[in-house]
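# Notes for the structure review
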Amino acid sequence: CVQKAPTSCYVDATLGTQGPWPKSPAPQQLRFPTSRRLVRHGRFEKIQEMASGRDFSDFSGSGADERTAVVNLSDLGGARSPKQADRHLLLGVRGSQLGQVLRLTSRPFRIGRSQEMELWLNDSGISRKHAEILPTPEGYLISDLESANGTFVQGERIKRHLLNDGDVIQFGPAVVFRYSLADEDQEEMLRQLYSASVTDPLTGARNRDYFESHMNAELSYARRHRADVSLLMFDLDHFKLVNDTYGHPAGDAVLVEVAQAVREMIRSEDVFARYGGEEFAVILRDIDLEGGALAAERLRKKLADLNIQTGEHTVKITVSIGCATLAECKEPLGTELIAIADRRLYGAKHGGRDRVVSAD
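Heads up: these notes are all about the structure in this document. (Residues numbered from 1 in each chain as written. Predicted model: local features only at pLDDT ≥ 70, side-chain atom pairs only at ≥ 80, totals over all residues. Heavy atoms only, no water.)

### A few points about the packing of helix α6 (residues 248–265) against helix α7 (residues 289–304)
With their axes 10 Å apart at the nearest point, α6 and α7 run at an angle of 140° to one another. Classified by the angle their axes make, α6 and α7 are oblique. Remark: the crossing between α6 and α7 carries right-handed chirality. Residues V258, A261, V262, E264 and M265 of α6 form the contact with α7, whose participating residues are R298, L299, K302 and L303. When the residues that make up the contact of α6 with α7 are grouped by side-chain class, the tally is six nonpolar, no polar and three charged. (Axes fitted to C-alpha atoms, helices over the stretch in contact; angles between N-to-C directions. Helix = DSSP H or I, 4+ residues; strand = E, 2+ residues; numbered from the N terminus. Parallel < 35°, antiparallel > 145°, perpendicular 65-115°, else oblique. Left-handed = near helix turned anticlockwise from the far one by under 90°. Contact = heavy atoms within 4.5 Å. Nonpolar A, V, L, I, M, F, W, Y, C, P; charged D, E, K, R; others polar.)

### As for the environment of Q97
Structurally, the position occupied by Q97 is in the loop between β5 (87–94) and β6 (101–103). The exposure class assigned to Q97 is buried, which follows from its relative accessible area of 9%. Placed 113 residues apart in sequence, Q97 and Y210 show a C-alpha to C-alpha distance of 9.4 Å. Setting aside residues up to four positions removed in sequence, Q97 forms contacts with G92, W120, L121, V175 and F177. (Buried < 20%, exposed > 50% of the residue type's maximum accessible area, 1.4 Å probe, protein only.)

### Side note on the nonpolar core
The biggest cluster of nonpolar side chains holds 28 residues, and the ones touching the most others in it are F234, L236, V254 and L303. Elements supplying a minimum of two residues to this core: β16 (229–236), α5 (239–246), α6, β18 (279–285), α7 and β21 (319–325). When residues in this core are grouped by element, the largest group, six residues, is from α6. Not counting residues within four places of it along the chain, the set of residues in contact with V254 comprises L236, F239, V242, I308, V315 and I317. The next biggest cluster of nonpolar side chains, apart from the first, holds 23 residues, and it includes V229, A324, A341 and L345. (Core = buried A, V, L, I, M, F, W, Y, C linked by side-chain atoms within 4.5 Å.)

### Observations regarding the packing of aromatic side chains
Under the defined criterion, the tally for this structure stands at five aromatic pairs. Here the aromatic rings of F234 and F280 are separated by 5.5 Å at their centres, their planes lie at 20°, and the arrangement is stacked. On the criterion of sequence distance, the pair formed by F234 in strand β16 and F280 in strand β18 is long-range, its members being 46 residues apart. Looking at F234, the relative accessible area reads 0%, which means it is buried. A residue is classified by how much of its surface remains accessible, and F280, at 0% relative accessible area, is buried. The ring of Y210 has R206 lying over it, and the distance from NZ or CZ to the ring centre is 4.8 Å. Across from the ring centre of Y221, 3.8 Å away, lies the NZ or CZ of R285, which sits over that ring. (Phe/Tyr/Trp six-rings, centres within 6.5 Å; stacked < 30°, edge-to-face > 60°. Lys NZ or Arg CZ within 6 Å of the ring centre and 35° of its normal.)

### Details of unusual backbone geometry
The backbone phi angle of Q154 is positive, close to 55°, even though this residue is not glycine. Tracing the sequence through the fold places Q154 in the loop between β11 (151–153) and β12 (156–158). The phi dihedral of D354 is positive, around 50°, even though this residue is not glycine. Of note, D354 is situated in the loop between α8 (334–350) and β22 (356–357). Overall, the relative accessible area of 29% leaves D354 in the partly exposed class.

### Examining the layout of surface pockets
By rolling a water-sized probe across the atoms, one finds the places where empty space is left. Approximately 1400 Å³ is the volume found for the largest pocket. Every residue lining the largest pocket is counted, 41 residues in all, and those nearest its centre are Q100, L102, L119, H214 and A217. Every element with two or more residues in the lining of the largest pocket is listed here: β3 (30–32), β6, β8 (119–120), α3 (184–197) and α4 (208–225). At twelve residues, α4 tops the list of elements feeding residues into the lining of the largest pocket. Residues belonging to the lining of the largest pocket are distributed by class as follows: 16 nonpolar, 13 polar and twelve charged. If you add up the space inside the second largest pocket, you get close to 260 Å³. Around the second largest pocket, the lining is made up of 14 residues, and of these R206, S268, D270, V271 and F272 lie nearest the centre. (1 Å grid on protein atoms, 1.4 Å probe; cavity = no way out; pocket = protein on both sides within 12 Å on 5 of 7 lines; lining within 4 Å. Points joined across faces, edges and corners; volume = space filled by probe spheres on them.)

### Section: the sheet that holds β6
Taken together, six strands build an open sheet; the order of strands is β6-β5-β15-β14-β11-β12 and the sheet is antiparallel. Looking at which strands have only one partner, the edges of the open sheet turn out to be β6 and β12. Taking the axes of each pair of neighbouring strands and ignoring which way they run, one obtains an average angle of 30° across the sheet. The pairing of β5 with β6 spans three bridges and is antiparallel. (Pairing = 2+ DSSP bridges.)

### Some details on the pairing of β21
Consecutive side chains along a regular strand alternate between the two faces of the sheet. With seven of its seven residues buried, β21 lies for the most part within the structure. Because side chains alternate across β21, one face comprises the buried residues V319, I321, C323 and T325, and the other comprises S320, G322 and A324, equally buried. The pairing of β21 with β22 spans two bridges and is parallel. By the bridge assignment for β22, I321 is matched with V356.

### Things to note about the pattern of salt bridges
Within the structure shown, the criterion is met by 20 salt bridges. R110 serves as the salt-bridge partner of E118, at 2.8 Å between the closest nitrogen and oxygen. Given a relative accessible area of 31%, E118 falls into the partly exposed group. Among the salt bridges present, the one from D354 reaches R300, with a minimum N-O distance of 2.9 Å. Pair noted here: D354 is in the loop between α8 and β22 and R300 is in helix α7, with a separation of 54 residues, a long-range link. Classification of R300 by relative accessible area gives buried; the value is 13%. (Salt bridge = Lys/Arg side-chain N within 4 Å of Asp/Glu carboxyl O.)

As far as function goes, none of this settles anything; it's purely spatial.
So this is what it looks like as structure tokens:
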């Protein structure tokens, strides 16, 4: 199960379910480019434990980036006590939701391009109200909501279909999920793999792709619950000077310490992401502008108090923060919210740095 790969490492989660795959549109395995992330964040050991009987002993040794670990869901558990496969999951296998794990519940689950949907898909081939999955006594029933480009199950266009374990579902021309029954351990493994694939390997913050997709999900949540959402965007002041003075390893150490400090401050429902270079973003669910500005000020003070050791040197940093909220947007769009917060971030920079700006 450990094979040579020419350049990078993938952990493949092959779904151990019944039923043939169609020749199109989806591959048979979920692939996550995550080798070092899994090892660095302590996730690989858990996956190794769950996949008993598999030999991953040299995965984290030399040449880790050149190995592929293939994990079969049907093999998970080994000699462990059997668990009931009672988790009904949608697993993204193609499109921007690749690797995403969604659990179906007793509530209706709507799919579409409208931000009011439970699964918001930002794809031009998706209708605003594209499809719906409903729980029934017989199982989960998927219905196409008269979408323009159709809903397909196992390659066949459907109006209504009772889902079977392993069914491949295509929404429009390009978005593909797989319906799968899984037990608790299998769901945990899939979520850990997905988490590693959307995590910045240096800082442990979410990456920009995850931030942008989750921003839309947060806006959808806010509209459904008539709630607000705030966005903080912050940048390390004079970070280039740190690299030029102490070297890039010291700069990396600063980024890691800053990320750790931010994670200690935010709630589990908040999203912390590395937006690019030394710029970060925090999405604060159900927080208005006043609350967002207070959170930003606490963050600024905490980071200014850090004493970051880099070899023989102690580095001090400050940050500039821009704060915005959904209520300020003319249109409830992630791009507009980001633009407002980014404009205020640069206002903080031009205003002297080491400050929070929450108004134009």
